Amino acid sequence: MSEARFSGSRLRSVRHFQQITQEKLAELVAVSPSTISLYETERREPDDEQIVAALCEILDVRRHYFYSPFATDLVEEEVDYRSLASAPKHARERLVAFGRFVLEWIACLRERVRFPDLDLPSIDATYDEDVERAAEHCREYWNLGSGPIPNISRVLENAGVAIATFDVQSRDIDAFSVYSSDAGLVVLNRTKGSSSRAVQDCAHELGHGVLHRGTGREKPHRLKEEQARHFAGAFLLPRRSFQREFWAGGGDAGLTHLFDLKRRWGVSIQSIVYRAHQLEVIGAAEMRRWMRQISKKGWRSGVQEPEEPAQVQPELLHRAFERYQVVTGQSARAVAEAIGWGGSIFKSVVGVPLSDGEPSTD
């Protein structure tokens, strides 16, 4: 039986993750850039074990990493991004590579650990009212009531949507999500730092799962983003209860009242103002005045708002790994070796460093 073929897509993915250009990798391995390109497009395989060993050393993977297909590949056309248009190409590529690693990690865990079934309503929305009703239906479906959601990550993970976080090192990317028939994944950009923004991102990506799962390219990217943004606002700030509480302040949209609402609902001031205008609680002129103040304070460009809610703390993958170790008795290093990852990749994906004291399976 012949050996499995060298995977060019795996080489390209880990190179993107490690942020090494084809030219730099070629220099480090002592081959030409065109040779690296031929490897990645699978028009040629490395014909020297020393080349494979050099690739492993530089990219921090084991040999068998290159000789197996992705358990669940991530097709970029099926990914829903938030704020991706202005992001640099290398940041997009690194984020997609990280997503592939997380999907591979989930596939590994699911061999021995039961995950929650994907339990998302699938709703086709054409008009704004359709999106509002979709958000209301999801709250009813998960018995969330009409008040604030205290733990948005738990809502997603109980519905079978895993959440991972990653320092993308670009403020032009908020998050991305990918859904299949039986699983979902949301990746949040830790570089943002804002916990209220992370809450919004979770709801936004949930909107993609509810409204756009399986649509591929059927809907334009801009329309999907507008609908997901509307869904997030409607899901986090339900129209009837939010309107009632907004007007409980006597219709005063002063900063003190807005921060009272923020502390209660756990979303940003910008989201509160935008939602109030969306529901016609405030007019266009008042929204523009508030957005100008928000911009002056830097809250739209990286300065963290006061009164931020608790950080989003994903639990599913962490608990699944703990259970995996109980079931298998394997150390973190043994698991990493089996997948073919070195310590830098394992720590980035799993959040656990490989202890020098752990035995290797080499």
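Residues numbered from 1 in each chain as written. Predicted model: local features only at pLDDT ≥ 70, side-chain atom pairs only at ≥ 80, totals over all residues. Heavy atoms only, no water.

Quick look at the overall build of the protein
Within the protein one finds 16 helices and four strands. Per-residue burial for the protein yields a buried fraction of 51% across its 362 residues. For the protein, the proportion of contacts with a sequence separation of at least 24, taken over those separated by at least 6, is 71%. Total accessible area computed for the protein in this model is approximately 17300 Å², and 47% of it derives from carbon and sulfur atoms. (Helix = DSSP H or I, 4+ residues; strand = E, 2+ residues; numbered from the N terminus. Buried < 20%, exposed > 50% of the residue type's maximum accessible area, 1.4 Å probe, protein only. Contact = heavy atoms within 4.5 Å. Areas by Shrake-Rupley, 256 points an atom, 1.4 Å probe, with all protein chains shown as cover.)

Here we look at unusual backbone geometry
Although it is not a glycine, glutamine 19 adopts a positive phi angle of roughly 55 degrees. Within the element layout of this structure, glutamine 19 appears in the loop between helix H1 (8-17) and helix H2 (22-29). Unlike most non-glycine residues, alanine 30 shows phi in positive territory, near 70 degrees.

As for the packing of aromatic side chains
Taken as a whole, this structure holds 20 aromatic pairs when the rule is applied. Aromatic pair tryptophan 105 and phenylalanine 321: ring centres 5.2 Å apart, planes at 65 degrees, arrangement edge-to-face. Of the two residues, tryptophan 105 sits in helix H5 (residues 89-110) while phenylalanine 321 sits in helix H14 (residues 316-328), which places them 216 residues apart along the sequence. The exposure class of tryptophan 105 is buried, given its relative accessible area of 1%. You can call phenylalanine 321 buried: its relative accessible area is 5%. With a centroid separation of 6.2 Å and an interplanar angle of 80 degrees, the aromatic rings of phenylalanine 246 and tryptophan 247 are classed as edge-to-face. (Phe/Tyr/Trp six-rings, centres within 6.5 Å; stacked < 30°, edge-to-face > 60°.)

Let's talk about the pattern of salt bridges
Should their charged atoms come close, side chains of opposite charge can pair. Evaluation of the coordinates by the stated rule reveals 24 salt bridges. Where arginine 5 meets glutamate 45, a salt bridge forms, and the shortest distance between an N and an O atom there is 3.2 Å. With arginine 5 in the segment before H1 and glutamate 45 in the loop between helix H3 (33-40) and helix H4 (49-59), this residue pair connects regions lying 40 residues apart in the sequence. Residue arginine 239 is joined to glutamate 132 by a salt bridge in which the shortest nitrogen-to-oxygen separation is 3.9 Å. Taken together, the residues span a long stretch of sequence, with arginine 239 in helix H10 (residues 239-247) and glutamate 132 in helix H6 (residues 128-141) at a distance of 107 residues. Under the relative-accessibility criterion, arginine 239 is labelled buried at 16%. Taken together, the shared-partner salt bridges in this structure form one network comprising Glu129, Glu132, Arg133, Glu136, Arg239, Arg240 and Arg275. (Salt bridge = Lys/Arg side-chain N within 4 Å of Asp/Glu carboxyl O.)

A short note on empty space enclosed by the protein
With the rule as written, the count across this model stands at one cavity of 30 Å³ or more. Its boundaries defined by the atoms lining it, the largest cavity holds a volume of some 60 Å³. Together, Ile106, Arg110, Phe115, Pro116, Gly160, Val161, Ala162, Asp182, Ala183, Gly184 and Leu316 line the largest cavity. If you list the elements that add at least two residues to the lining of the largest cavity, you get H5 and strand E2 (161-166). Residues belonging to the lining of the largest cavity are distributed by class as follows: seven nonpolar, two polar and two charged. (1 Å grid on protein atoms, 1.4 Å probe; cavity = no way out; pocket = protein on both sides within 12 Å on 5 of 7 lines; lining within 4 Å. Points joined across faces, edges and corners; volume = space filled by probe spheres on them. Nonpolar A, V, L, I, M, F, W, Y, C, P; charged D, E, K, R; others polar.)

Description of helix H16 (residues 343-350)
Since the α-helix advances by 3.6 residues per turn, residues separated by three or four positions end up pointing in the same direction. Looking at H16, one finds that the buried residues are Ile345, Phe346, Val349 and Val350. Projection of H16 onto a plane perpendicular to its axis shows the buried side chains occupying an angular sector of 100 degrees, all on one side. At its buried positions, H16 is contacted by H1, H4, H5, H14 and helix H15 (332-339). The positive-phi residue at the C-terminal boundary of H16 is glycine 351, with phi of around 85 degrees. (Arc of directions from axis to C-beta.)

Let's talk about the pairing of strand E4 (residues 184-189)
Sheet faces and side chains relate simply in a regular strand, where the side chains alternate between the two faces. Among the six residues in E4, six count as buried, and that is most of the element. Going residue by residue along E4, you find Gly184, Val186 and Leu188 tucked away on one face and Leu185, Val187 and Asn189 tucked away on the opposite face as well. Sheet topology places E2 next to E4; six bridges connect them, and they run parallel. Residue pairing in the sheet places phenylalanine 166 in a bridge with asparagine 189 of E4. Direction of pairing for strand E3 (residues 175-179) relative to E4: antiparallel, over a ladder of five bridges. Residue alanine 175 lies in a different strand from E4, and its bridge partner there is leucine 188. In sequence, E3 turns back onto E4 through a hairpin of four residues. (Pairing = 2+ DSSP bridges.)

With respect to H14
Here H14 contains 13 residues, and its C-alpha end-to-end distance of 18 Å stays within 8% of the 18 Å for a straight helix at 1.5 Å per residue. For H14, the full list of buried residues reads Leu316, Leu317, Ala320, Phe321 and Tyr324. Down the axis, H14 shows its buried residues gathered within 125 degrees of arc, on one side only. When the buried face of H14 is taken as reference, the exposed residues oriented beyond 90 degrees from it are Arg319 and Val326. (Expected span 1.5 Å × (residues − 1).)

A few points about the side chain of histidine 204
By secondary structure assignment, the location of histidine 204 is in helix H8 (residues 195-212). At a separation of 3.2 Å, a polar atom in the side chain of histidine 204 contacts the side chain of glutamate 225. (Polar contact = N/O pair within 3.5 Å; in protein donor to acceptor, adjacent residues only side chain to side chain.)

A look at the nonpolar core
Core analysis: the biggest nonpolar cluster contains 57 residues, and Phe66, Trp105, Leu185, Phe321, Trp341, Phe346 and Val349 have the highest contact counts within it. The element that contributes the greatest number of residues to this core is H5, accounting for 11 residues. With near-sequence residues (within four places) excluded, valine 349 lies in contact with Phe98, Phe101, Val102, Trp105 and Trp341. In this structure, Cys202, Leu236, Val273 and Met287 belong to the second largest nonpolar core, which totals 52 residues. (Core = buried A, V, L, I, M, F, W, Y, C linked by side-chain atoms within 4.5 Å.)

Thoughts on the confidence of the model for the protein
Interpretation of this model should avoid reading the predicted coordinates in detail wherever pLDDT is low. Predicted confidence across the protein gives a mean pLDDT of 89, with 90% of residues reaching 70 or more. Within the protein, strand E1 (residues 80-82) has the poorest average pLDDT of any element, 57, and H6 the best, 98. (pLDDT = per-residue confidence, 0-100.)

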